[in-house]
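# Structural characterization, general
Here is what each chain is made of, one letter per residue.
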Amino acid sequence: MRKIPALFALTGMATLLAGCGSTGLFNRDRPDEFAVQRQAPLVIPPDFALTPPAPGAPRPSDRTTATQAQDALFGAPAPRSEVERTAGNRAGTAAASIRSTVGDPATNTVAKGDVTRDIIAAPQGDGREAQAVIGG
C-alpha cells in the first residue's frame, strides 16, 4: 500500500520535469511576440456610395511589418534624378543571355596587355607574399 502514493508522487514529479524540457509531450509551437502586427483602425468613409471591395482583395491600408520597418529605417523610395534616368535610358537593357554568353569558353575576348594578364593570373591571397620588382 505504501508503494501507490510513492508511485503517484514519482509520476507527478516526472510530469512536472517533462514540462521543463524542449521536446516531448508538452512541446508546442509558440507565437513569435515580435511578429505581432497592429490592425489598422476602422474608419468611416466620408462617401457612402463606395463599392465594396472584391472578396479576397488585400486591404489598401495594410502594410507588412517588414515594409513598415524598411520605411522607418530608410524612408520611402526616393525618385530617380534626371542623371540616373538619362544614364539608364542610354545604357538600355541587357540581353537575357548575357551571363551565359560571358561565361562561355568560346566567347572571344580582347587582349588588354601583359599587366592585366598578370593581375588576373596572380594567385589569390592577402598579399603577404607579394614582392615588387623594379626595372625589367
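Quantities reported herein were computed from a predicted structural model and do not represent experimental measurements.

## Considering the overall build of the chain
Of regular secondary structure, the chain possesses five helices and zero strands. Starting at the N terminus and ending at the C terminus, the chain contains elements arranged as α-α-α-α-α. Among the 136 residues that make up the chain, the fraction classed as buried is 0%. Counting every atom, the chain has about 13,800 Å² of accessible surface; 61% of that belongs to carbon and sulfur.

## Notes on the pattern of salt bridges
Applying the stated criterion across every chain, the model contains one salt bridge. In this structure, Glu82 and Arg85 form a salt bridge, with 2.8 Å as the shortest nitrogen-oxygen distance. In this pair, Glu82 and Arg85 are both assigned in helix α3 (residues 82–91), three residues apart and thus about one turn of the helix distant. Overall, the relative accessible area of 41% leaves Arg85 in the partly exposed class.

## Focus on the confidence of the model for the chain
On average, residues of the chain carry a pLDDT of 78, and 87% of them reach 70 or more. Within the chain, α3 carries the highest mean pLDDT (90), whereas helix α4 (residues 98–103) carries the lowest (78).

## Overview of the environment of Phe34
Turning to its location among the elements, Phe34 is positioned in the loop between α1 (3–18) and α2 (65–74). Accessibility expressed as a relative area gives 70% for Phe34, which makes it exposed. Taking C-alpha positions, Phe34 is 9.7 Å from Thr65, a pair spaced 31 residues apart along the chain.

Definitions and limits used
- Residues numbered from 1 in each chain as written.
- Predicted model: local features only at pLDDT ≥ 70, side-chain atom pairs only at ≥ 80, totals over all residues.
- Heavy atoms only, no water.
- Helix = DSSP H or I, 4+ residues; strand = E, 2+ residues; numbered from the N terminus.
- Buried < 20%, exposed > 50% of the residue type's maximum accessible area, 1.4 Å probe, protein only.
- Areas by Shrake-Rupley, 256 points an atom, 1.4 Å probe, with all protein chains shown as cover.
- Salt bridge = Lys/Arg side-chain N within 4 Å of Asp/Glu carboxyl O.
- pLDDT = per-residue confidence, 0-100.

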